[in-house]
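Chain by chain, the residues:
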Amino acid sequence: MNALKLLFFLILLASCQQQVQEKPITKPQYEENWSSLRKHHTPEWLDQMKFGIYCHWGPQTVIIASGDEKMSRTEAIDRWSGDGFDAKEWVDMFQAAGAQFGGPVSWHGSGLLNWKSDITDWNAAEKGPKVDIVGELTSELKKRNMPVLCSFHTGDIWNRVWGPISGTNNTYLDPYEDNSAYATTNNGRPGDEIYNGWLERMKEAIDKYQPDIVWMDIGFGGTIKTELKYGALGRQLPNSPNEIRCAPEKFQKKLISYFFNQGLAWDKEVELVYKSHDIPTGIGMRDIENGNLIGQQYDPWMSDINMAHHYAYPYPWFYNPKNPFKKAGTLVDMLVDMTSKNGRMLLSVPPQPDGSFHEDAKKELYAMGDWLRVNGEAIYGTIPWTFYGEGPTEVTSPGQHGQGKFKGEKIPIYTSEDVRFTQKDQNLYAIVMDWPGESTIIRTLGTRGKIHPGSIKGVTMLGSDEEIVWEQKEVGLKVQFPKERPCDFAYVLKVERY
């Protein structure tokens, strides 16, 4: 009898174990409310990445090249050629520049989608360049195991839904006609029919291309204009006006929850990037448009930087021969400063009208890549240190658009006294922003600071085989620089700690 009881127990136990094993593993689903969406966290892979590239290419490029600012978007689309576009060459350039992730501007400033859409014939695969820009570039990036960023800049959404409104509303919005009535169908604002069309297009891009990062620009949250105009008030609106042109919160929540849940279905971590306060904090990663921040930040952040100096209008993010490119040294300095402050750079590199890149742009990108091949150890995969840096130079025009003001004159020019810190494992990287000559003293690393006496194992300079003579004193870490410069820009001292 005891043997029979034991056998019965073992059979019952095996059956329970099988049931447990067969029970499907369910992952938490994000609901359409801010509390649920705030459970999302920035993926570790993106926290480790510091440099990406994306590209503004569209009918605006054609308008600039024509010299006719009154040219309509539809006429520019008719003239837009993609003869010089080659996704492989684009990604070759991204990698040569040292970028870790990248992607297309997927929808910008008109009703033309830059992907092959099943919803509307107003897409770049059927009109304009006759190229599935998002599809071809996404495919090439994935071949190289580079995370894909898709950006969406939809502006006044009521005037960006061209063709059939949606799958459930076949009303055809012809861009050659006046559709302004759709701007006021909901008590003076666009109605749900327009936002449903917008949401359906967004979901289509997400499903077709499975991006790792979705970045929402103007039209999504609408707070950047109030931030720029009333920055001194913080997040408080003035008494008048109180208009914020943005998508309704219910559609914001629909989009974000859909993207996050699709990430779960794809079994990969994804991230949403948005402008400052477009949605509640803690849901995605905030972006500072063409700007930088003062001091180290607690949360990871991103800055999309215009490679051009951002002063030739119209459409300053698109290629304009009147708008010179930033030099590689300036871009490296900005990247170093942002990385030390828990940030990362998304660099906008604008193609020419045919989809090829100007030689001047490639020259600076290749020089940036040369620097990263020598010094990338101090950038890629690093985390901030207790202090982001030392020295006299700091950002004087922080926040949105700050680095694009006055023809780029607000971009800091760093000196040999300026140092920025990053760290990885046991190594601390002190990046000296200009060549100091024979030696330098890094005050923050003195014996009375965070690095106690006897904590330093050794000091080397990345890219140099010369032995580095160093001494830690109360006044700081005194370092003898090598005779030969290992690179053309910022110089990295690797401080190995016990």
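On a predicted model such as this, the values are computed, not experimentally measured, just so you know. (Residues numbered from 1 in each chain as written. Predicted model: local features only at pLDDT ≥ 70, side-chain atom pairs only at ≥ 80, totals over all residues. Heavy atoms only, no water.)

1. A short note on the nonpolar core
Working step 1: By size, the foremost hydrophobic cluster in this structure holds 121 residues, and its most contacted members are Phe51, Ile53, Phe94, Trp198, Leu347 and Trp371.
Working step 2: No other element matches the 8 residues that helix α8 (residues 192-209) contributes to this core.
Working step 3: Ignoring anything within four residues of it in the chain, the contact list for Phe94 reads Ile53, Cys55, Ala99, Gly102, Gly103, Leu137, Leu141 and Met146.
Working step 4: In terms of nonpolar packing, the next biggest core, distinct from the first, is built from 15 residues, Tyr54, Ile64, Met285 and Leu346 among them. (Core = buried A, V, L, I, M, F, W, Y, C linked by side-chain atoms within 4.5 Å. Buried < 20%, exposed > 50% of the residue type's maximum accessible area, 1.4 Å probe, protein only. Helix = DSSP H or I, 4+ residues; strand = E, 2+ residues; numbered from the N terminus. Contact = heavy atoms within 4.5 Å.)

2. Concerning unusual backbone geometry
Working step 1: Despite not being glycine, Asn290 shows a phi value in the positive range, around 45°.
Working step 2: Looking at where Asn290 falls in the secondary structure, it is placed in the loop between β8 (285-289) and β9 (301-306).
Working step 3: Residue classification places Asn290 among the buried positions, given a relative accessible area of 0%.
Working step 4: For Asn342, which is not glycine, the phi torsion reads 75° and is therefore positive.
Working step 5: Following the sequence through the fold, Asn342 ends up in the loop between α11 (328-340) and β10 (343-348).
Working step 6: Judged by its relative accessible area of 7%, Asn342 is buried.

3. Section: the packing of aromatic side chains
Working step 1: Inspection of every chain in the model, using the stated rule, returns 19 aromatic pairs.
Working step 2: When the centroid spacing of 6.1 Å and the interplanar angle of 55° are considered together, the rings of Trp122 and Tyr176 count as tilted. A residue pair is termed long-range when its members are at least 10 positions apart, and Trp122 in the loop between β2 (101-108) and α7 (133-143) and Tyr176 in the loop between β5 (169-173) and α8 qualify at 54 residues.
Working step 3: The exposure class of Trp122 is buried, given its relative accessible area of 4%.
Working step 4: In this structure an aromatic cluster arises from ring pairing among Trp57, Trp80, Phe85, Trp90 and Phe357. (Phe/Tyr/Trp six-rings, centres within 6.5 Å; stacked < 30°, edge-to-face > 60°.)

4. Overview of the sheet that holds strand β17 (residues 476-480)
Working step 1: Spatially, 3 strands are ordered β14-β17-β16 in an open sheet, and the strand pairing comes out antiparallel. With one partner strand each, in any of the chains shown, β14 (439-442) and β16 (470-473) form the two edges of the open sheet. In this sheet, adjacent strand axes meet at a mean angle of 15° when their direction is disregarded.
Working step 2: Sheet topology places β14 next to β17; 4 bridges connect them, and they run antiparallel. (Pairing = 2+ DSSP bridges. Axes fitted to C-alpha atoms, helices over the stretch in contact; angles between N-to-C directions.)

5. Quick look at the confidence of the model for the protein
Working step 1: Mean pLDDT over the protein stands at 93; residues scoring 70 or higher make up 94%.
Working step 2: Confidence over residues 18-25 falls short of pLDDT 50; this stretch has 0 contacts with residues more than four positions distant or in other chains. (pLDDT = per-residue confidence, 0-100.)

6. A look at the sheet that holds strand β11 (residues 389-390)
Working step 1: Across the sheet, 5 strands lie side by side as β11-β12-β13-β18-β15; this open sheet has antiparallel pairing. Strands at the two margins of the open sheet, each flanked by one partner only, are β11 and β15 (456-461).
Working step 2: As defined by bridge partners, strand β13 (residues 427-432) adjoins strand β18 (residues 491-497) across 6 bridges and the pair is classed as antiparallel. In the strand pairing of β18, Ala430 is matched with Leu493.
Working step 3: Where α11 meets the sheet, it contacts β12 (419-424) and β13, and its direction lies at approximately 60° from that of β12.

7. Points about the layout of surface pockets
Rolled over the atoms, a probe as big as a water molecule pinpoints where empty space is left.
Working step 1: The volume enclosed by the largest pocket comes to roughly 1200 Å³.
Working step 2: Taken together, 48 residues line the largest pocket, and the ones lying closest to its centre are Gly155, Ile218, Gly219, Ile224 and Lys225.
Working step 3: In this structure, the second largest pocket encloses a volume near 430 Å³.
Working step 4: Lining the second largest pocket are 20 residues, and of these Thr281, Gly282, Gly284, Asp299 and Pro300 sit closest to its centre.
Working step 5: Those elements giving two or more residues to the lining of the second largest pocket turn out to be β7 (271-275) and β8. (1 Å grid on protein atoms, 1.4 Å probe; cavity = no way out; pocket = protein on both sides within 12 Å on 5 of 7 lines; lining within 4 Å. Points joined across faces, edges and corners; volume = space filled by probe spheres on them.)

8. Some words on α11
Working step 1: In this model, α11 (13 residues) spans 18 Å end to end at C-alpha, consistent with the 18 Å of a helix rising 1.5 Å per residue.
Working step 2: With respect to burial, α11 is a largely interior element, 12 of its 13 residues being buried.
Working step 3: Three or more residues of α11 are buried, namely Ala328, Gly329, Leu331, Val332, Asp333, Met334, Leu335, Val336, Asp337, Met338, Thr339 and Ser340.
Working step 4: The inward-facing, buried residues of α11 abut β1 (51-55), β9, β10, α12 (359-375), β12 and β13.
Working step 5: Asn342 sits one or two residues past α11 and shows a positive phi near 75°. (Expected span 1.5 Å × (residues − 1).)

9. Some remarks on the pattern of salt bridges
Working step 1: All chains considered together, the criterion is met by 20 salt bridges.
Working step 2: When the shortest N-O distance is used, the salt bridge between Asp118 and Lys208 registers 3.4 Å. Taken as a pair, Asp118 in the loop between β2 and α7 and Lys208 in helix α8 lie far apart in primary sequence, 90 residues in all.
Working step 3: Among the residues examined, Asp118 registers a relative accessible area of 64% and is labelled exposed.
Working step 4: We note a salt bridge from Asp212 to Lys268, for which the minimum N-O separation is 3.1 Å. In this pair, Asp212 sits in the loop between α8 and β6 (213-216) while Lys268 sits in the loop between α10 (249-266) and β7, placing the two residues 56 residues apart along the sequence.
Working step 5: With a relative accessible area of 12%, Asp212 lands in the buried category.
Working step 6: Connected through salt bridges with shared partners, the residues Lys88, Asp92, Glu140, Lys143 and Arg144 form a single ionic network. (Salt bridge = Lys/Arg side-chain N within 4 Å of Asp/Glu carboxyl O.)

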